[in-house]
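Inside the fold
Residue-level listing of the chains:
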Amino acid sequence: MNEQDFARHARHLLLAWIALIVLMCASLGSAYVALGAGNAVASFGIAIAKSAIVVALFMRLARGSVAVRIVAAMGLAMWLVLAGLSGVDYATRASHPAAYQQPRQLPAPGVTVRP
């Protein structure tokens, strides 16, 4: 690796680091803003952007071999299947309230209680 390639790679790493820090601050800031359902959308968008930076720069999937890309795609597909099945399980599960028992007061020490 010559000096020019090294400088370009270092610049890419610095830009990625700055972008990840900015996205982390955006994620923190969105936690304190009441957007309702928009908070989930913003959080997912930020997470996708951070994942894309990591996949593109650090995992180098764009320049990886076909086998590496297939394995990464299968991993993502498997994760999506598991997340979908978890969502279906949660959506179709019946919710039964927990059994409730009335609390009883313990007698004071030395006091006998007759039934």
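Each remark here, short or long, concerns the structure printed above.
Here is what the cut-offs are and how they apply
- Residues numbered from 1 in each chain as written.
- Predicted model: local features only at pLDDT ≥ 70, side-chain atom pairs only at ≥ 80, totals over all residues.
- Heavy atoms only, no water.
- Patch = residues over 30% accessible without salt bridge, like charges linked within 9 Å, V, L, I, M, F, W, Y side chains within 5 Å.
- Areas by Shrake-Rupley, 256 points an atom, 1.4 Å probe, with all protein chains shown as cover.
- Salt bridge = Lys/Arg side-chain N within 4 Å of Asp/Glu carboxyl O.
- Helix = DSSP H or I, 4+ residues; strand = E, 2+ residues; numbered from the N terminus.
- Buried < 20%, exposed > 50% of the residue type's maximum accessible area, 1.4 Å probe, protein only.
- Axes fitted to C-alpha atoms, helices over the stretch in contact; angles between N-to-C directions.
- Parallel < 35°, antiparallel > 145°, perpendicular 65-115°, else oblique.
- Left-handed = near helix turned anticlockwise from the far one by under 90°.
- Contact = heavy atoms within 4.5 Å.
- Nonpolar A, V, L, I, M, F, W, Y, C, P; charged D, E, K, R; others polar.

Description of a nonpolar patch on the surface
On the surface, a nonpolar cluster with roughly 690 Å² of combined accessible area is contributed by Leu 14, Leu 15, Trp 17, Ile 18, Ile 21, Val 22 and Met 24. Position of Trp 17 among the secondary structure elements: in helix α1 (residues 3-31).

Notes on the pattern of salt bridges
When the charged atoms of two side chains with opposite charge come close together, those side chains can pair. Taken as a whole and assessed by the stated rule, the structure comprises two salt bridges. Where Arg 8 meets Asp 5, a salt bridge forms, and the shortest distance between an N and an O atom there is 3.8 Å. In this pair, Arg 8 and Asp 5 both sit in helix α1, three residues apart, roughly one turn of the helix. Of the residues examined, Arg 8 reaches a relative accessible area of 43% and is grouped as partly exposed. A relative accessible area of 31% places Asp 5 in the partly exposed class.

A few points about the packing of α1 against helix α2 (residues 38-58)
In the contact formed by α1 and α2, the axes pass within 10 Å of each other and the chain directions differ by 165°. Accordingly, the angle class assigned to the pair α1 and α2 is roughly antiparallel. Between α1 and α2 the crossing geometry is left-handed. On α2, the residues that touch His 12, Leu 13, Ala 16, Ala 19, Leu 20, Leu 23, Met 24, Ala 26, Ser 27 and Ser 30 of α1 are Asn 39, Ser 43, Ile 46, Ala 49, Lys 50, Ile 53, Leu 57 and Phe 58. For the contact of α1 with α2, the residue count by class is twelve nonpolar, five polar and one charged.

Things to note about the environment of Leu 61
Positionally, Leu 61 belongs in the loop between α2 and α3 (66-92). Overall, Leu 61 belongs to the buried group, its relative accessible area being 15%. The sequence separation of Leu 61 and Ala 72 amounts to eleven residues, and the corresponding C-alpha distance is 8.2 Å. Those residues in contact with Leu 61 that sit more than four places away from it in its chain are Val 55, Val 68, Arg 69 and Ala 72.

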